[in-house]
Amino acid sequence: MYATEAELIAAARAGHQGAFTEIVERHSGTVYNLALRLVNNPQEAEEVLQETFISAFRALDRFEGRSQLGTWLYRIAYNAALMRLRRRQVATESLDAPTTTDDGDMLPREFVDWSTLPDERLLGKEFRGVLEGALAALPDSLRSVFVLRDIEGLSTAETAETLGLTEVNVKVRLHRARLALREKLSGYFAPMVAGR
Amino acid sequence: MHCKDMLGSLSAYVDGELEAQFCAEIERHMADCGNCRAVVDTLRKTVYLYREHGHADVPEEARDRLYAVLHLDKP
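Residues numbered from 1 in each chain as written. Chains lettered and ligands numbered in written order. Predicted model: local features only at pLDDT ≥ 70, side-chain atom pairs only at ≥ 80, totals over all residues. Heavy atoms only, no water.

What to know about the nonpolar core
Here is the rule we go by: Here, nonpolar core refers to any group of buried Ala, Val, Leu, Ile, Met, Phe, Trp, Tyr and Cys residues whose side-chain atoms link them within 4.5 Å. Burial classes follow relative accessibility: with a 1.4 Å probe on protein chains only, a residue under 20% of its type's maximum area counts as buried, one over 50% as exposed, and anything between as partly exposed. Per the convention used, a helix needs a DSSP run of H or I reaching at least four residues, while a strand needs a run of E reaching at least two, with both numbered from the N terminus. The split into domains, and so the bounds of each, comes from an automatic or database assignment of domains.
Counting residues in hydrophobic clusters, the biggest one holds 86 residues, and the most contacted among them are Phe53(A), Leu69(A), Leu185(A), Phe189(A) and Tyr50(B). The element contributing the most residues to this core is helix 2 (residues 17-39) of chain A, with 11 residues. Residues lining this core come from more than one domain, with at least three contributed by each of domain 1 (5-88) and domain 2 (119-194) of chain A.

Right, here's the structure in full:
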């Protein structure tokens, strides 16, 4: 309906309901998922979702277009989720801290190759809980990067802008997140290889 | 090349962001190192599983409430 993002924003500023709806349709999924993974609570994630769009629509006149609309919205959501985490004073680092090398990379401890297990064995009834549990156990700083890059498919540059990080920092955190998740999933899937 | 030397580059490797020469060194190492091969294959699979199954959609009732607080008609 709107050929460019600039047209979409202009229409929203002019008060066109369809433009607001389009913005919600395009971005609510990523806003919700980022919030859910950070606060780990569907009710609070929904509150962050609502707060994000209410604040964004109120502030739309102040959006300068230096970033994409999406990254601007995700940044609002990220900050809203962080505020909640701080209020809750949730411990941000995992108690089960992984072993790291001098430059901070986690040393792998699991070497069983479960990657060739057929999907019907991997995707058992506990699978989603395992995936979510491993993600929830990551420190917030790694989880936010992983969710935006690998789950929501943002580019390194978009993720960096959303989270206020350098691109190098995004890459380093993404790598640590992946290694930590691989380790956790290996703990679950590797015994299936032995029992094959 | 030793296992630890390539560990920090594995994400760039599975994302196809490394120069050809460095990729070749990693592949030479993996040809003789089953552990690194397993780490790379399971790392790739981990990313794939989250890409395919990690996204949680906004629940329908939450979508209804979002449109209601924004005073918008749900499409």
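Next comes the rest of the description.
Notes on the packing of helix 1 (residues 5-13) of chain A against helix 2 of chain A
All names here are of chain A. Heads up, the condition is: Axes, fitted as lines to C-alpha atoms, cover a helix only where it is in contact. Angles between the N-to-C directions of the axes lie from 0 to 180 degrees. Any angle that falls under 35 degrees is termed roughly parallel, while one over 145 is termed roughly antiparallel, one within 65 to 115 roughly perpendicular, and all others oblique. Here a residue-residue contact requires only that any non-hydrogen atoms of the pair lie within 4.5 Å. Residue classes follow a fixed rule: Ala, Val, Leu, Ile, Met, Phe, Trp, Tyr, Cys and Pro count as nonpolar, while Asp, Glu, Lys and Arg count as charged, and any other residue, Gly among them, counts as polar.
Viewed as axis vectors pointing N to C, helix 1 and helix 2 meet at an angle of 130 degrees, and their least axial separation amounts to 8 Å. The angle between the axes of helix 1 and helix 2 places the two elements in the oblique class. On the side of helix 1, the interface is formed by Leu 8, Ala 11 and Ala 12, while helix 2 contributes Ala 19, Phe 20, Glu 22, Ile 23 and Arg 26. Of the residues belonging to the contact of helix 1 with helix 2, the class tally is six nonpolar, no polar and two charged.

Digging into the packing of aromatic side chains
Residues and elements named next belong to chain A. Threshold: Note on aromatic pairs: the rings of Phe, Tyr and Trp (six-membered ring only in Trp) are paired at centre separations within 6.5 Å, and the planes decide the class, stacked below 30 degrees, edge-to-face beyond 60, tilted for the rest.
Inspection of the entire model under this criterion finds seven aromatic pairs over all chains. Look at Phe 20 and Phe 57: their rings are 4.6 Å apart centre to centre, the planes differ by 65 degrees, and that puts the pair in the edge-to-face class. Here the residue Phe 20 occupies a position in helix 2, and Phe 57 occupies one in helix 3 (residues 42-58), the gap between them amounting to 37 residues. Joined through ring pairs, the aromatic side chains of Trp 114, Phe 127, Tyr 188 and Phe 189 make up one cluster.

With respect to the packing of helix 4 (residues 69-88) of chain A against helix 8 (residues 156-163) of chain A
Residues and elements named next belong to chain A. Put simply, the test is: Crossing handedness is read from the near helix: turned anticlockwise from the far helix by less than a right angle, it gives a left-handed crossing, and turned clockwise, a right-handed one.
Taken N-terminus to C-terminus, the directions of helix 4 and helix 8 make an angle of 45 degrees; their axes are 8 Å apart at the nearest point. Taken together, the axis directions place helix 4 and helix 8 in an arrangement best described as oblique. Here the hand of the crossing between helix 4 and helix 8 comes out right-handed. Across the interface between the two elements, Thr 71, Tyr 74, Arg 75 and Tyr 78 from helix 4 touch Glu 158, Glu 161, Thr 162 and Leu 163 from helix 8. Here the contact of helix 4 with helix 8 is composed, by residue class, of three nonpolar, two polar and three charged.

Notes on the domain arrangement of chain A
Residue and element names in this part refer to chain A. Our working rule: Reported buried area values correspond to the accessible surface (1.4 Å probe) lost by two parts on association, with both partners' losses combined. Salt bridges are defined by distance alone: a side-chain nitrogen of Lys or Arg within 4 Å of a carboxyl oxygen of Asp or Glu. Polar contact is the term for a pair of N or O atoms within 3.5 Å; when the atoms are in protein, one must be able to donate a hydrogen and the other to accept it, and sequence-neighboring residues count only if both atoms are side-chain atoms.
Here chain A is described as being made up of domain 1 (5-88) and domain 2 (119-194). Computed from C-alpha atoms alone, the centre-to-centre distance between domain 1 and domain 2 is 23 Å. At the junction of the two partners, domain 1 supplies 14 residues and domain 2 supplies 16 residues. Here domain 1 packs against domain 2, burying approximately 1400 Å² in sum over the two surfaces, 57% of which is carbon and sulfur. Our enumeration of links across domain 1 and domain 2 arrives at one salt bridge. For Arg 37, the salt bridge goes to Glu 132, with nearest N and O atoms at 3.8 Å. If you look at where domain 1 meets domain 2, you find seven residue pairs in polar contact (both at pLDDT 80 or more). Residue assignment for the side of domain 1 that touches domain 2 shows that the elements contributing at least two residues are helix 2 and helix 4. In terms of residues, the side of domain 1 that touches domain 2 owes the most to one element, helix 2, which gives six residues. Residues belonging to the side of domain 1 that touches domain 2 are distributed by class as follows: five nonpolar, seven polar and two charged.

Here's the deal with the confidence of the model for chain B
Condition: Each residue carries a pLDDT score, the predictor's confidence in it, ranging from 0 to 100.
When pLDDT is averaged across chain B, the result is 95; 100% of the residues are at 70 or more. Of all helices and strands in chain B, the one with the weakest mean pLDDT is helix 1 (residues 3-7) of chain B (89), whereas helix 5 (residues 60-69) of chain B scores best (98).

Considerations on the interface of chain A and chain B
The interface of chain A with chain B comprises 51 residues on the first partner and 40 residues on the second. Taken over both partners, the interface formed by chain A and chain B buries close to 3800 Å², and the fraction arising from carbon and sulfur atoms is 64%. It is Phe111(A), His175(A) and Arg178(A) that lose the most area in chain A upon contact with chain B, and together they represent 15% of the buried surface on that side. For the pair chain A and chain B, the number of links is six salt bridges. The partner of Asp150(A) in a salt bridge is Arg51(B), with the nearest N and O atoms 3.1 Å apart. Summed over the shared surface of chain A and chain B, the result is 16 residue pairs in polar contact (both at pLDDT 80 or more). Listed by contribution, the elements that provide at least two residues to the side of chain A that touches chain B are helix 2, helix 3, helix 5 (119-122), helix 6 (127-136), helix 7 (140-151) and helix 9 (167-194) of chain A. The element that contributes the greatest number of residues to the side of chain A that touches chain B is helix 2 of chain A, accounting for 12 residues. Within the side of chain A that touches chain B, the residues separate by chemical class into 27 nonpolar, 10 polar and 14 charged.

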